[in-house]
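# Geometric and topological summary
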Amino acid sequence: QVQLVESGGGLVQAGGSLRLSCAASGRTFSTYTMAWFRQAPGKGRELVAAISISGGNTYYAGSVKGRFTISRDNAKNTVYLQMNSLKPEDAAVYYCAGKPVDGDLVRGVYTYWGQGTQVTVSS
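Presented here is an overview of the structure given in this document. (Residues numbered from 1 in each chain as written. Predicted model: local features only at pLDDT ≥ 70, side-chain atom pairs only at ≥ 80, totals over all residues. Heavy atoms only, no water.)

### Description of the state of the cysteines
- Counted by the stated rule, this structure contains one disulfide.
- What pairs with C22 in a disulfide is C96, and their sulfur atoms sit 2.1 Å apart. Judged by the torsion about the S-S bond (-80°), the C22/C96 disulfide is left-handed. Of this pair, C22 sits in strand β3 (residues 18-24) while C96 sits in strand β9 (residues 92-99); the two residues are 74 residues apart in sequence, bridging distant segments of the chain.
- Overall, the relative accessible area of 0% leaves C22 in the buried class. (Disulfide = S-S within 2.5 Å. Helix = DSSP H or I, 4+ residues; strand = E, 2+ residues; numbered from the N terminus. Buried < 20%, exposed > 50% of the residue type's maximum accessible area, 1.4 Å probe, protein only.)

### Here we look at unusual backbone geometry
- Within the chain, N77 stands out as a residue other than glycine whose phi angle is a positive 55°.
- Mapped onto the secondary structure, N77 falls in the loop between β7 (68-73) and β8 (78-83).
- N77 sits in the buried class, given a relative accessible area of 19%.
- Backbone geometry at S85 places phi at a positive 50°, although glycine is not the residue there.
- In this structure, S85 sits in the loop between β8 and β9.

### Side note on the nonpolar core
- Judged by nonpolar contacts, the single largest core of 30 residues is most densely connected at M34, W36, V79, L81, M83 and Y94.
- One finds F37, A50, Y95 and A97 within the second-largest nonpolar core, a separate group that totals eight residues. (Core = buried A, V, L, I, M, F, W, Y, C linked by side-chain atoms within 4.5 Å.)

### Thoughts on the packing of aromatic side chains
- All chains considered together, the criterion is met by four aromatic pairs.
- The interplanar angle of 75° and the centroid separation of 5.4 Å between the aromatic rings of F37 and Y110 together place this pair among those described as edge-to-face. In this pair, F37 sits in strand β4 (residues 33-39) while Y110 sits in the loop between β9 and β10 (112-113), placing the two residues 73 residues apart along the sequence. This pair shows no difference in class: F37 is buried, exactly as Y110 is.
- Their ring planes at 75° and their centres at 6.5 Å tell us that Y95 and W113 sit as a pair that is edge-to-face. With Y95 in strand β9 and W113 in strand β10, this pair connects stretches of sequence that are 18 residues apart.
- The class of W113 is partly exposed, set by a relative accessible area of 32%.
- Positioned above the aromatic ring of F29 is the side chain of R72, whose terminal nitrogen or guanidinium carbon lies 4.6 Å from the ring centre.
- When the ring centre of Y110 is taken as reference, the NZ or CZ atom of K99 above it lies at 4.6 Å. (Phe/Tyr/Trp six-rings, centres within 6.5 Å; stacked < 30°, edge-to-face > 60°. Lys NZ or Arg CZ within 6 Å of the ring centre and 35° of its normal.)

Limitation: the analysis is restricted to geometry and does not speak to function.
Structure follows, in structure tokens:
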């Protein structure tokens, strides 16, 4: 079992950058596919980015491709989301999630979730 704790959210002006971190407890982090989701007020939860166990395969939602970068450091049990050129529509609660399977980054159920971190983007 993995416990996930996000950090790095905050208020930033449009065009600015933030880096989110997700620290995982437990020895099995390196066997988990990891992802970042977000949920804006009144909207459903959206998969933003995902990364395979090795880090060699990534997925990005079309709305963030070219601006966001997901990465992981298995030695530090941490996954990151570097967010550049932020837009007001990127404002949301960002959640880190993991699942103990490799393969499809998009489909399937992410089993473990963090509490979320708020990202606010001012125009």
